[in-house]
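Read off the chains here:
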Amino acid sequence: MIRSVDLICSRCGKSFVPKERLFYQDDFTAAPLKDTKFICDECMAKWHDRWKIKDAVFSERDYVLTVDITLEDGTRFEHLDATPIEETGTVVTGEDIPEEAAKDLFARWEKFAAEKEKKQIKDCFFEKKGEGYEVSFTTVGGEKHDHVPFSIKDGYLILEEDVDEDIMEGIVTAYKSYLSQETMLGTSESPAAASAARRKRPRPAWPGTGPDGKA
Ligand SMILES: [Zn+2]
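Since this is a predicted model, take the numbers as computed values, not measurements.

A. Local environment of the sheet that holds strand β9 (residues 144–153). Spatially, β7-β8-β9-β10 is the arrangement adopted by the 4 strands of the open sheet, whose pairing is antiparallel. Since the sheet does not close on itself, it has two edges, and those belong to β7 (121–129) and β10 (156–159), each with one partner. Each strand of the sheet is rotated relative to its neighbour by a mean of 35 degrees, with strand direction disregarded.

Below is the structure:
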């Protein structure tokens, strides 16, 4: 049966005449074509214009990458799950993003990833010093700290110097493996570690909960 449908833009509600292409919103709730959410050229153009990224702040926690995006017009999108796709050079998020903006986002992510790489711990040594401990470490980016005292308090590793959070995580990881070596030698104290004092959300990092003892 032949049916006709008025072309009404699902965004602005106006009827429209498409040019070479008919745009529509892919949506699992819309099965019949008449329910398809068409989009007129004007709204497509607006959407493209709007997606000028002013700022994108990535963060990665426990291998989950999220991004806070601010557009030139001031619109904010917070904690969007972000998945960089190397093949297309774009970042996929929970929002519909025009390709140019997704590529812009990818370039910004690459910078973020390079910065994060620099903060990886390259060498890390722990020493017992009187009642406490000291750590000496270098990062991939060449940052070097010698004999920094630290203590363990309430399950957190408290470093006497303020370092980047990524570096802190690296030290905690290194300290865990140091401790497990100590355990094998039978000289370890109670296992606990994690976090700089400046961390906003305290988060015990010791794996203890895992049956295999892994983080
Ligand atoms: Zn429209």
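B. Quick look at unusual backbone geometry. The phi angle at Tyr63 is positive, at roughly 65 degrees, despite the residue not being glycine. Mapping Tyr63 onto the fold places it in the loop between β3 (53–61) and β4 (64–71).

C. Fine view of the environment of Glu143. Along the chain, Glu143 turns up in the loop between β8 (132–139) and β9. Spatially, the C-alpha atoms of Glu143 and Lys122 are 9.6 Å apart, while their sequence positions differ by 21 residues.

D. Spatial organisation of the sheet that holds strand β5 (residues 76–85). Overall, antiparallel pairing links the 4 strands, which are arranged β3-β4-β5-β6 in an open sheet. Where the open sheet ends on each side, the last strands, each with one partner, are β3 and β6 (90–93). Averaged over neighbouring strand pairs, the angle between their axes works out to 40 degrees when direction is ignored. Relative to β4, β3 runs antiparallel, the two being bridged by 8 bridges. Note that in β4 the partner of Ala56 across the bridge is Ile69.

So, how was this worked out
Residues numbered from 1 in each chain as written. Predicted model: local features only at pLDDT ≥ 70, side-chain atom pairs only at ≥ 80, totals over all residues. Pairing = 2+ DSSP bridges. Helix = DSSP H or I, 4+ residues; strand = E, 2+ residues; numbered from the N terminus. Axes fitted to C-alpha atoms, helices over the stretch in contact; angles between N-to-C directions.

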